[in-house]
Amino acid sequence: MYRYIYMNSVESAKLAEHGYEIGKGTSYQKINHNMKVQGLDYSVVPEHSHGGVATFKHNSNPDTYHIAHKGTQPTQKTGIRDVISDIKVAFGMGSFSKQAKARKNFTEKVVDAIDPKTLTMSGHSLGGFTLNHTLAKSKKVRDKLLMAHTYNAGSSFAFNNEMKTSARTKNDLKHRVIHHRTRGDIVSKGLTPKGFGVPFGTLKEYKVRPNQDEVGHEKLFKKYNDKMDLKSKDELKKMGWGSKALYAHHLSHFTERKPDPVEDKPKKKVTPWGISKKQMDKELSKKIKPQKGRRKLLNEL
């Protein structure tokens, strides 16, 4: 009997990472071996994969597939196209990128060919943007989708990225698309409430600093792929703005870590005069004569 596969965010991120390996030109045989070492019960589908989009088939459930959209790789064959797309995304014109359209069309062709009973998807950085573009523009892909995860997905902080969808589509994707973001990442800043917010789905933000269960200088990944060391809280404080932003953007935060979620800060208690009790206490401590009625209110708070 067919069994649905729930795709958690860590497995999804690891498959997105192997999409980068395909972009590097790593052999499918080696990628399949690496996935087996990681405990991923998937293998590459060569005829439905290329440097920008990778298709993986579940070995135990052959009707289950995962499609990963790759992020920017400046030193690889797609490097120039990736950078051009990044610029367009930054200026809110990512949907007009030839690469975004090509990836959507390719994904649709893959869905037609494999006709999956269960389809999960992932994308990091530019790949997160092209994945969002595909879901926004393709009902064919949306209808097959079970779950999608994006990681620090590309977005425009200053301009609308032309990914508007109907209220019905937003409601349909609300619990099927999760956007994961590390705090301090610039590329995905547009997904926050300070930007335009997520086009659909749910946003989850995480702290960059290591949590209590992590060792300050432990290698995030030791076997393959180029990784960086996990930075301690003190090291993060010493890092420059640009270096810290690049560090926050790395996909490894979602593959080999369990970062702490960012909790919403409680709203400050505000008095009828529009200032907080703390501000009022400060006024009185400086012996500034408060306006009529403030001292009485302060005593009541």
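Report follows, based on the coordinates. (Residues numbered from 1 in each chain as written. Predicted model: local features only at pLDDT ≥ 70, side-chain atom pairs only at ≥ 80, totals over all residues. Heavy atoms only, no water.)

**Digging into the packing of aromatic side chains**
Applying the stated criterion across every chain yields a total of two aromatic pairs. Considering the side-chain rings of tyrosine 151 and phenylalanine 254, the 5.1 Å spacing of their centres and the 50° angle between planes classify their relative orientation as tilted. Of the two residues, tyrosine 151 is situated in strand S5 (residues 145–151) and phenylalanine 254 in helix H10 (residues 252–255); the sequence distance between them amounts to 103 residues. In this structure phenylalanine 254 comes out as buried when scored by relative accessible area, which is 6%. Site record: aromatic cluster; members linked through ring pairs are Tyr151, Tyr206 and Phe254. (Phe/Tyr/Trp six-rings, centres within 6.5 Å; stacked < 30°, edge-to-face > 60°. Helix = DSSP H or I, 4+ residues; strand = E, 2+ residues; numbered from the N terminus. Buried < 20%, exposed > 50% of the residue type's maximum accessible area, 1.4 Å probe, protein only.)

**Regarding the pairing of S5**
For S5, a buried count of six out of seven residues is recorded, marking the element as mostly surrounded by other parts of the structure. The sheet contact formed by strand S4 (residues 118–124) and S5 spans six bridges and is parallel. Looking at S5, one finds that leucine 119 is bridged to leucine 145. Inspection of the sheet shows S5 paired to strand S6 (residues 177–182) by four bridges, in the parallel sense. Bridge pairing links alanine 148 to valine 177 in S6. (Pairing = 2+ DSSP bridges.)

**Considerations on the nonpolar core**
Within the largest apolar cluster, 22 residues are counted, with the highest numbers of intra-cluster contacts made by Ile67, Leu119, Met121, Leu135, Leu145, Ala148 and Val177. Looking at this core, the elements that each hand over two or more residues are strand S3 (64–69), helix H4 (98–114), S4, helix H5 (126–137) and S5. In this structure valine 177 touches Asn132, Leu135, Leu145, Ala148, Phe200, Gly201 and Thr202, once residues within four positions along its chain are discounted. Counting 10 residues, the second-largest nonpolar core is a separate cluster that includes Ile31, Met35, Phe56 and Ala68. (Core = buried A, V, L, I, M, F, W, Y, C linked by side-chain atoms within 4.5 Å. Contact = heavy atoms within 4.5 Å.)

**Here's the deal with the environment of lysine 244**
The topology assignment puts lysine 244 in helix H9 (residues 241–249). As a C-alpha pair, lysine 244 and glycine 184 span 60 residues in sequence and 7.4 Å in three-dimensional space. Residues contacting lysine 244, with those up to four places away along its chain left out, are Leu236 and Met239.

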